[in-house]
Amino acid sequence: MSGMRPTGRLHLGHYFGALLNWLEYQDKYDSYFSIVDWHALTTKFQDVKGIAGNIREIALDWLSVGINPEVSTIYVQSAIPEIAELHLLLSMITPQNWVEREPTLKDMVKMLAADEGEAREKVTYGLLGYPVLMTADILAFRAGLVPVGKDQESHLEFARDIAKRFNYLFGNDYFPEPQPQFTSTPLLKGLDGQKMGKSYNNDVKLADTSEETIKKVKQAITDRTRIAKSDPGHTDLCEVPWPMYKIFAANKLTEIKTECQTAAIGCVDCKTRLAGVINDFLAPVREKRQELSADAATVEKILQYGNSKARRVAVETLNGVKELMGLSRWV
């Protein structure tokens, strides 16, 4: 099981950090992929107008890269109320200090506001419960494997701790201990050298046009020590293009390195060529996305089918939890 927040179109970091594993494992496991719209409210509760549209955008991105709705279950989190009820029950057994020391949550709080007073106002009860809700997302399907980006590793550790605590308290190995599965490219740098992210405005989106991609990649940070085009370059000091070439053109690294170090090509031309390689890679994804965009009814049916299938599983899981917690009489 894995999921993504509907906060906008997806980028290359999402593809290499998570979606590659989704594609690999969807044929090996019963896979559940959630558009986690409740999670979007934890930090965007004052800006909800775009959520419905972003749900569709994420569904389009997933389908266009090859997530197969006939094999994988694609669903919207808020369509499964049993996840919210499981979140409530798990919160009863989760120690407060576990939540307070969760590192990813701390980072989210810091990002909300630099001013301490403003941050306190923006840190809602829902945000504090974010790690428990994420755990409920996973345990609702009793998932043993969670394909995620490296930045979600602490959340998985938190989920394992809650699963172990539940099993211990109620004397049953009901929940598996979910394990992370990272891709071989767990973190992809953005165009400014930081981690690629929508909030940093340093990403290349899967749905960007060829022209948008070229414009963005031309802004990428290269070798800061290379001043003139005639200066020899240093691939080991090239912050963004060289690592990207390792992903998109691994069979041409020797040629690219020689051209760089002998100043046979300048950084601008190098980045333009990189943009072309990325555009070639994304061409089939963008073509499929365009076709799906024109067929809104099919995308809607896929989500409705996935919601129904996911809810049946979540109901079964929740009933088992209630029985173990002494609530089954009222089920």
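Higher on the page you've got the structure.
Residues numbered from 1 in each chain as written. Predicted model: local features only at pLDDT ≥ 70, side-chain atom pairs only at ≥ 80, totals over all residues. Heavy atoms only, no water.

A.B. asks: Just to check I follow, could you spell out the environment of proline 103 for this structure?
C.D. replies: Topologically, proline 103 is positioned in helix α6 (residues 103-112). A C-alpha to C-alpha distance of 30 Å links proline 103 and threonine 73, two positions 30 residues apart in sequence. (Helix = DSSP H or I, 4+ residues; strand = E, 2+ residues; numbered from the N terminus.)

A.B. asks: Looking at this model, I keep getting lost on the nonpolar core. Mind explaining?
C.D. replies: Taken as a class, soluble globular proteins show a tendency for nonpolar side chains to be buried jointly. If you look at the biggest cluster of nonpolar residues, it comprises 49 residues, and the most contacted ones within it are Leu12, Leu19, Trp62 and Ile278. For this core, the secondary structure elements donating two or more residues are α1 (12-25), β2 (32-35), α3 (51-65), β3 (73-76), α12 (241-248), α14 (267-293) and α15 (296-324). In terms of residues, this core owes the most to one element, α3, which gives eight residues. Core analysis: the next-biggest nonpolar cluster, separate from the first, contains 37 residues, Leu90, Ala136, Phe158 and Leu318 among them. (Core = buried A, V, L, I, M, F, W, Y, C linked by side-chain atoms within 4.5 Å. Buried < 20%, exposed > 50% of the residue type's maximum accessible area, 1.4 Å probe, protein only.)

A.B. asks: Is there a simple way to think about the side chain of serine 34 in this case?
C.D. replies: When you line up the elements, serine 34 lands in strand β2. Of the residues examined, serine 34 reaches a relative accessible area of 0% and is grouped as buried.

A.B. asks: Teacher, can you tell me more about α15 here?
C.D. replies: Given 3.6 residues to a turn, an α-helix orients residues that are three or four positions apart in the same direction. An ideal rise of 1.5 Å per residue puts 42 Å on 29 residues; α15 measures up with 42 Å between its terminal C-alpha atoms. After α15 finishes, the residue glycine 326 shows a positive phi value of roughly 80 degrees. (Expected span 1.5 Å × (residues − 1).)

A.B. asks: When you look at the packing of aromatic side chains in this model, what are you seeing that I'm missing?
C.D. replies: To describe a pair of aromatic rings, one takes the distance between the centres and the angle between the planes. What the rule picks out here adds up to 14 aromatic pairs. Pairing tyrosine 25 with tyrosine 29 gives two aromatic rings, centres 5.4 Å apart and planes at 35 degrees, and the pair type is tilted. Judged by relative accessible area, tyrosine 25 falls into the buried class, the value being 12%. The ring of tryptophan 98 has arginine 165 lying over it, and the distance from NZ or CZ to the ring centre is 5.7 Å. (Phe/Tyr/Trp six-rings, centres within 6.5 Å; stacked < 30°, edge-to-face > 60°. Lys NZ or Arg CZ within 6 Å of the ring centre and 35° of its normal.)

A.B. asks: When you look at the pattern of salt bridges in this model, what are you seeing that I'm missing?
C.D. replies: Pairs can form between side chains of opposite charge whenever their charged atoms are close. Applying the stated criterion to the full structure yields 13 salt bridges. Between arginine 9 and glutamate 57 there is a salt bridge; the shortest N-O distance is 2.8 Å. Of this pair, arginine 9 sits in the loop between β1 (2-4) and α1 while glutamate 57 sits in helix α3, and the two are 48 residues apart along the sequence. Exposure remark for arginine 9: the relative accessible area of 35% places this residue in the partly exposed category. In this structure, glutamate 57 engages arginine 289 in a salt bridge whose closest nitrogen and oxygen atoms are separated by 2.5 Å. Within this pair, whereas glutamate 57 is found in helix α3, its partner arginine 289 is found in helix α14, the two being separated by 232 residues in sequence. Given a relative accessible area of 6%, arginine 289 falls into the buried group. In the salt-bridge network here, residues are joined through shared partners; they are Arg9, Glu57, Asp61 and Arg289. (Salt bridge = Lys/Arg side-chain N within 4 Å of Asp/Glu carboxyl O.)

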